[in-house]
Amino acid sequence: MSVGVSLLKKTAVEADTFVQRLDGRVKFLYFLWATVIVYIFYDPYLNLIFVAVTLAMAFYARVAKPILQTLLIIVVPWIAFAVPILALPFGFPWNKTIIGYIDVFGNKYPVYLEGLGWGITWPLRIAVAISSALLFFLTTNQAKLVATLFKMKVPFKLIYMVVATFQFIPLLAKEAETILQAQVARGLRTDVGFVAKIKNYLSVVIPLTLSSLNKVQIRAITLESRGFSAPVKKTLLYEARLMKIDYIFLSLMFVSTAVLAWVYVNIGYSPIAGLSWIWGG
Amino acid sequence: MSSEIKEISPTGKAIIAVVLIPTIAALNYVGGVIVEALKAPIWGDTWATILGTLIGGFWVGAIGGFLYNIIMALTVWGLPSWIWGFANVAIALIAYFMMKMGWTDLKKPMTWIAMIVLYGILYPAFTTAISILVFGGGPLYKPLAAAVYTAVLSSTGNFVLANYVQNMFTEIIDKPISFIISVIIAQRIPKRFILAR
C-alpha cells in the first residue's frame, strides 16, 4: 500500500507536547507562512533550514517518521532526476556558470550552477510545504480540525466534505484491497500487458464504485436523520481557543518575518547560496 | 403479497450531492492507489472527477476533484499542489462539455476524436502553464516522461516545448483512458444516482 494511504490512515498522534497543544489555526498559519517564505526567496539553504526546523518539531511531536517517508518518496527522486538533467548540458536555457566538470566514460561534461540551483531549490520548496502541512495534519485531531475550520468561517457543508473525505479514504482503500484480493483469488493475473492491466483496473474500480455509491444514500439518510440540513446553530465537540503558547509561537513567527524581510531588502532573494534569478525560479 | 420492490429515496438531491462529493474525492485517491498496486501505466487519479461529472453534473465533479487536490495538497503533496485543483475543474468542464455534446457514446468516432483532442492535446497546454508558473517546469520523476523531456530539451533547447511534450506524453494516454473508464462505469450505475440532466 502506498505511503499516501498509510499516511491518510493515520489519525493525529496524541502526545502531550507543545506542538499538539498549539491551536490548529496557528499550525495552519505556520504551514502557509513557511510555504510563502520559501517561494519568495530562492535559496536552497534557507529551504533546508525550514525543513530542519519543521522536522525538529515533528521529532518532538513524535510524527517525524511519516514525514520523512513522504519526503524520501517525493522529494529525493525529484532531485535525483532534476539535478543531472538540468545541471548537465542537456539544454536548460539559463545555464551559463560552469562550477566543475564530471567525467563520464572518459568524456568531460560541464556542471552548471543555474541548473544545479534549480534542481535543488524547487524540490526543497515542496519539501517545506509537505513537511509543514503534515506537521499540521498529524498533530491536529479531527475534532480540533473541525473546530479550527469552523473558527475560520469555513461553511459547515464544506467542513463535512473535508472531514468525510479523510474518513472515506482508508475505508475505500481497504475495500479496494478486498476486491483486488477477491479478483486475484478467482484468477485475475497481474503480470500482464498494457491493455490487460487497464481491464484489471476496471475489474477493481467498477465494484468499488458501485459499492461506494450504494453507501452514499445510506450516509445521506443518516445525515438527514441527525439534522444535518436543519437551520439551527451547529455545536462543536471541541472549542478552539488561543492560549499563551500560541501567542509565543505567533510572536516568534512575527520576529522571523521581520528578520527575513530585512534580509530580503538588504542582502537579496538568495542570501546564503547567492544564486542568480532565472525565469521560473 | 406483491413481489414488486419499490425504491424509497427520502433524501433530497442536495444532500446526496454533499455526500457524493467526498466519495468522488476519495475514489480519485484510491484510484491512484489501485494503479500503484496493479502497476497500470496511467495516473488513475482523475477518473472519479469525470465520473462525478457524468452522474452528478459539472459542480459535483469539479468540487469532488478540487477537494481531492486540496486534501492531497494539505497532506502528501505540499501546499502549492492545491493549484492542480484547477486541472480537475478543467477535466470536469471538458467532461461536461462532451456530455452536453452527446460525445459519451464510445461507439461514435466523434467521441474518440474529441477525447484525444480535448484531453490529449488541449488539456496538457493548461497543465504546462501551471507546471511552469507554479513548479518551475522541469522533468517529472517518472523515467519515461523524464527521458521525453530531456530529448525535446536537448534537441530544441525550448523549455516550454519540452514541458508541453512531456505533459502531452503522459496525458494523451491517461486522460482518454480515464474518460473511457468513467463512461463504462457510468453506464452501469443505477438510475437513482444519476443527478445530472
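The written sequence of each chain sets the order in which its residues are numbered from 1. Whichever chain is written first becomes A and whichever ligand is written first becomes 1, with later ones labelled in order. Thresholds applied to this predicted model are a pLDDT of at least 70 for local features of residues and 80 or more for the giving and counting of side-chain atom pairs; totals over whole chains, interfaces and linings are not thresholded and use all residues.

Caption draft 1: View of the overall build of chain A. Within chain A, the regular secondary structure consists of 10 helices and 2 strands. Secondary structure elements of chain A, listed N to C terminal, follow the sequence α-α-α-α-α-β-β-α-α-α-α-α. What you see for chain A is a C-alpha radius of gyration of 24 Å, clearly larger than the 19 Å of a compact globule of 281 residues, by over 25%. Taking the principal axes of the C-alpha coordinates as reference, chain A spans close to 70 × 60 × 30 Å. With 281 residues in all, chain A has 38% of them scored as buried. We count a stretch as a helix when DSSP gives it H or I for four or more residues in a row; a strand needs E for two or more, and each element gets its number in order from the N terminus. Each radius of gyration is computed over the set of C-alpha atoms, and the globule rule expresses the reference value as 2.2 Å times the number of residues to the power 0.38. Partly exposed residues are those whose C-beta has more than 12 but fewer than 20 other C-beta atoms within 10 Å; with 20 or more the residue is buried, with 12 or fewer it is exposed, and the C-beta atoms are placed from the backbone.

Caption draft 2: Local environment of helix 3 (residues 24-40) of chain A. Residues and elements named next belong to chain A. The terminal C-alpha atoms of helix 3, which comprises 17 residues, lie 24 Å apart, in line with the 24 Å expected from a rise of 1.5 Å per residue. For helix 3, every residue scored as buried is listed here: Gly24, Arg25, Val26, Lys27, Phe28, Tyr30, Phe31, Ala34, Thr35, Ile37 and Val38. Where the residues of helix 3 are buried, they touch helix 4 (44-60), helix 6 (113-139), helix 7 (142-151) and helix 10 (244-266). What a helix should span is 1.5 Å times the count of its residues minus one. For the purpose of contact definition, each residue receives a C-beta atom placed from its backbone, and two residues are in contact when these atoms lie within 7 Å.

Caption draft 3: Structural detail: the UniProt feature "transmembrane region" (unreviewed entry) in chain B. Residue and element names in this part refer to chain B. UniProt positions are given in the numbering used here, feature names are shortened, and annotations may be inferred rather than shown by experiment. The feature "transmembrane region" (unreviewed entry), as annotated in UniProt, sits at residues 14-35, 47-70, 82-99, 111-134 and 146-165 in this numbering. With 83% helix and 0% strand, residues 82-99 has its two end C-alpha atoms placed 26 Å apart. Secondary structure within residues 111-134 divides into 100% helix and 0% strand; the distance between the first and last C-alpha atoms comes to 32 Å.

Caption draft 4: Expanded view of the pairing of strand 1 (residues 98-104) of chain A. All names here are of chain A. When you tally the buried positions in strand 1, you get 0 out of 7 residues, a small fraction of the element. In the sheet, strand 1 pairs with strand 2 (residues 107-112) via 6 bridges, with the strands oriented antiparallel. Considered in strand 2, the bridge of Val104 is made with Asn107. Taking the residues that link successive antiparallel strands as the turn, the strand 1-strand 2 hairpin has 2 residues, and the phi of Phe105 there is positive, at about 50 degrees. Paired strands, in this sense, are two strands between which DSSP finds at least two bridges.

Caption draft 5: Highlighting the interface of chain B and chain A. With 57 residues of chain B at the interface, the matching set in chain A holds 65 residues. Listed by contribution, the elements that provide at least two residues to the side of chain B that touches chain A are helix 1 (13-38), helix 3 (58-74), helix 5 (109-135), helix 6 (143-156) and helix 7 (159-188) of chain B. At 20 residues, the largest contribution of residues to the side of chain B that touches chain A is made by helix 1 of chain B. Residue type decides the class: Asp, Glu, Lys and Arg count as charged, Ala, Val, Leu, Ile, Met, Phe, Trp, Tyr, Cys and Pro as nonpolar, and the leftover types, Gly among them, as polar. A breakdown of the residues in the side of chain B that touches chain A according to their chemical character gives 41 nonpolar, 13 polar and 3 charged.

Caption draft 6: Fine view of the packing of helix 5 (residues 64-87) of chain A against helix 6 of chain A. Residues and elements named next belong to chain A. What counts as an axis is a line fitted to C-alpha atoms, over the stretch in contact for a helix, and the angles between N-to-C directions run from 0 to 180 degrees. Put simply, helix 5 and helix 6 touch, their axes get as near as 8 Å, and they point 165 degrees apart. Taken as axis vectors, helix 5 and helix 6 run roughly antiparallel relative to one another. Handedness of the helix 5/helix 6 crossing: right-handed. Within the contact between the two elements, helix 5 uses Pro66, Ile67, Thr70, Leu71, Ile74, Val75, Trp78, Ile79, Ala82, Val83, Leu86 and Ala87 and helix 6 uses Gly115, Leu116, Trp118, Gly119, Ile120, Pro123, Ile126, Ala127, Ile130, Ser131, Leu134 and Leu138. When an angle is under 35 degrees it counts as roughly parallel; over 145 it counts as roughly antiparallel; between 65 and 115 it counts as roughly perpendicular; any other value is oblique. Handedness of a helix crossing follows the sense of rotation of the near helix relative to the far helix, less than a right angle counterclockwise being left-handed and clockwise being right-handed.

Caption draft 7: Spatial organisation of the confidence of the model for chain B. Residue and element names in this part refer to chain B. When the pLDDT values of chain B are averaged, the result is 86; 92% of them are 70 or greater. Put simply, helix 1 is where chain B has its lowest mean pLDDT, 86, and helix 4 (residues 85-100) is where it has its highest, 94. For this predicted complex, the interface confidence reaches an ipTM of 0.81, while the overall pTM sits at 0.76. Looking at any residue, its pLDDT shows the predictor's confidence there, from 0 to 100.

Caption draft 8: The nonpolar core, seen in detail. Joining buried Ala, Val, Leu, Ile, Met, Phe, Trp, Tyr and Cys residues through C-beta atoms within 7 Å gives a set, and that set is a nonpolar core. One finds Leu172 of chain A together with Ile21, Val30, Ile34 and Leu67 of chain B to be the most contacted residues of the largest nonpolar core, which totals 131 residues. Here this core gets 17 residues from one element, more than from any other, and that element is helix 1 of chain B. Note: domain ranges come from an automatic or database domain assignment. Residue contributions to this core reach at least three from each of two domains, namely domain 1 (1-140 + 242-281) and domain 2 (142-241) of chain A. Leu67 of chain B has contacts with Met161 and Thr165 of chain A together with Ile21, Pro22 and Ala25 of chain B, leaving out every residue within four places of it along the chain. The next biggest cluster of nonpolar side chains, apart from the first, holds 5 residues, and it includes Leu145, Val146, Ala147 and Leu149 of chain A.

Caption draft 9: Region of interest: the domain arrangement of chain A. Residue and element names in this part refer to chain A. Taken domain by domain, chain A consists of domain 1 (1-140 + 242-281) and domain 2 (142-241). For domain 1 versus domain 2, the separation of C-alpha centres amounts to 31 Å. Between domain 1 and domain 2, the contact holds 11 residues from the first and 12 residues from the second. For the side of domain 1 that touches domain 2, the elements supplying multiple residues, two or more each, are helix 1 (3-9) and helix 3. For the side of domain 1 that touches domain 2, the class distribution of residues is 5 nonpolar, 3 polar and 3 charged.

Caption draft 10: Fine view of helix 3 of chain B. Between its first and last C-alpha, helix 3 of chain B extends 24 Å over 17 residues, near the 24 Å set by a 1.5 Å rise per residue. With 15 of its 17 residues buried, helix 3 of chain B lies for the most part within the structure.

Caption draft 11: Structural view of unusual backbone geometry. Residue and element names in this part refer to chain A. One non-glycine residue, Arg62, adopts positive backbone phi at about 65 degrees. Topologically, Arg62 is positioned in the loop between helix 4 and helix 5. One non-glycine residue, Lys153, lies in positive phi territory at about 65 degrees. By secondary structure assignment, the location of Lys153 is in the loop between helix 7 and helix 8 (156-185).

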